[in-house]
Amino acid sequence: MGPIRIVIVDDHPLYRDGVVQTLQAEPDLEVVGAGGSAADALRLTETLAPDVLLLDLTLPGNGLDSIEAILRRAPGVRILILTASEHDDDLLTALERGAQGYALKGLSGDDLRGIVRAIARGERYVPPALAAGFLLSAAKASRPVVPEPSPVERLSEREQQVLELLADGHSNREIGEGLHLAEKTVKHYVTSILQKLDVRNRTQAAVLAREGRDIRPE
C-alpha cells in the first residue's frame, strides 16, 4: 500500500509550508498539492484525488461552506479541518457537512501526523478540549425546540378571560357584569394578572394581550 496522499489548503503560506514539511518528513505521508483558497480545494481534490484534505476554515471563498461541494466532486476524500477556531458552532457545522476531523492549529507535528493517519484509516477526530462542548451542542441540536410559554399563557383560564375584557377597555364593574363576578373579585384577579405578567398597570397588561398572546375565552 502506497503513502497517504494529502492536499493542504491554507491561505497563510508560511504556515502551509510548515505543515507540508511536517508531513513530508514521514515516508508514509505524501503531500501531492497545496493551495490557498476554497477554489483551490475544489480544484485540487478533483484533479489529484487525495486520500486526505487538510482544510482551513478562514479561506477566500470560505472553507466551511466549501465542504459539501468538495465531497460532491471528490466523494472519496477525507477532510480534516485544521483551524484556529475553537467555536463549537464551527466544529458542529463542519462535521455535519461531512468533515471527518477537526484539529486546532498549534498542535505538535507528531500529533498532526497521527491525526492524519487516523483520518486516512476512516477514524474521526475531535480535540479533547472541544469534545465536551461539541457533545452538548450536538445534543441540543438533536432535541426539538419547545417554545417557552408566554406570560399570558401562564394565566389561569379565568384570568385570561378577565385580561381579554380588560384589554378591550372595560372597567372592573363591567368585567364583573360580563363574567358574573363581584367587582371585588375582579379586582383581586386584576392584581394577580399584573403580578404574573410582571407589569405595573392595566395599560401595560392590555398591551401584552393585544400583541397576539393566546387568550382563551370562556
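Residues numbered from 1 in each chain as written. Predicted model: local features only at pLDDT ≥ 70, side-chain atom pairs only at ≥ 80, totals over all residues. Heavy atoms only, no water.

1. Observations regarding the confidence of the model for the protein chain
Low pLDDT marks regions whose predicted coordinates should not be analysed in detail.
Turning to step 1, where the next piece is worked out: Per-residue pLDDT for the protein chain averages 86, and the proportion of residues at 70 or more is 87%.
Turning to step 2, where the next piece is worked out: Confidence, read as mean pLDDT per element, is least for helix H6 (residues 128–142) in the protein chain (59) and greatest for strand S3 (residues 52–55) (97).
Turning to step 3, where the next piece is worked out: A low-confidence stretch, residues 213–218 stays under pLDDT 50, and its non-local contacts, those more than four residues away or across chains, total 22 contacts. (pLDDT = per-residue confidence, 0-100. Helix = DSSP H or I, 4+ residues; strand = E, 2+ residues; numbered from the N terminus. Contact = heavy atoms within 4.5 Å.)

2. Observations regarding unusual backbone geometry
Turning to step 1, where the next piece is worked out: A positive phi angle, near 45 degrees, is found at Ala49, a position not held by glycine.
Turning to step 2, where the next piece is worked out: The phi torsion at His180 lies on the positive side, around 60 degrees, for a residue other than glycine.
Turning to step 3, where the next piece is worked out: Along the chain, His180 turns up in the loop between helix H8 (172–179) and helix H9 (183–197).
Turning to step 4, where the next piece is worked out: Owing to a relative accessible area of 74%, His180 belongs among the exposed residues under this scheme. (Buried < 20%, exposed > 50% of the residue type's maximum accessible area, 1.4 Å probe, protein only.)

3. Notes on the nonpolar core
Side chains of nonpolar character tend, in soluble globular proteins, to be buried together.
Turning to step 1, where the next piece is worked out: If you look at the biggest cluster of nonpolar residues, it comprises 25 residues, and the most contacted ones within it are Leu53, Leu55, Ile67, Ile70, Ile79, Ile81 and Tyr102.
Turning to step 2, where the next piece is worked out: Elements that contribute at least two residues to this core include exactly strand S1 (4–9), helix H2 (38–48), S3, helix H3 (63–73), strand S4 (78–83), helix H4 (88–96) and strand S5 (101–104).
Turning to step 3, where the next piece is worked out: Of the residues forming this core, the biggest block, five residues, is contributed by H3.
Turning to step 4, where the next piece is worked out: Look past the residues within four positions of Ile67 in its chain and what remains in contact with it is Leu55, Ile79, Ile81, Ala94, Arg97, Gly98 and Ala99.
Turning to step 5, where the next piece is worked out: Among the nonpolar cores identified, the runner-up in size contains 19 residues, and Leu163, Ala167, Ile175 and Val199 belong to it. (Core = buried A, V, L, I, M, F, W, Y, C linked by side-chain atoms within 4.5 Å.)

4. Here we look at the pairing of S1
Turning to step 1, where the next piece is worked out: Of all six residues making up S1, five are buried, and the element is well covered by its neighbours.
Turning to step 2, where the next piece is worked out: With helix H1 (residues 13–24) bridging S1 and its parallel neighbour strand S2 (residues 29–35), the resulting β-α-β unit is right-handed. (Right-handed = clockwise from strand over helix to strand, strands pointing away.)

5. Quick notes on the packing of H8 against H9
Turning to step 1, where the next piece is worked out: Packing of H8 against H9 leaves a shortest axis separation of 8 Å and a crossing angle of 105 degrees. As summarised for this structure, H8 and H9 are arranged roughly perpendicular, according to the angle between their axes. Contacts from Asn172, Arg173, Ile175 and Gly176 in H8 reach Glu183, Val186, Lys187 and Val190 in H9.
Turning to step 2, where the next piece is worked out: Of the residues belonging to the contact of H8 with H9, the class tally is three nonpolar, two polar and three charged. (Axes fitted to C-alpha atoms, helices over the stretch in contact; angles between N-to-C directions. Parallel < 35°, antiparallel > 145°, perpendicular 65-115°, else oblique. Nonpolar A, V, L, I, M, F, W, Y, C, P; charged D, E, K, R; others polar.)

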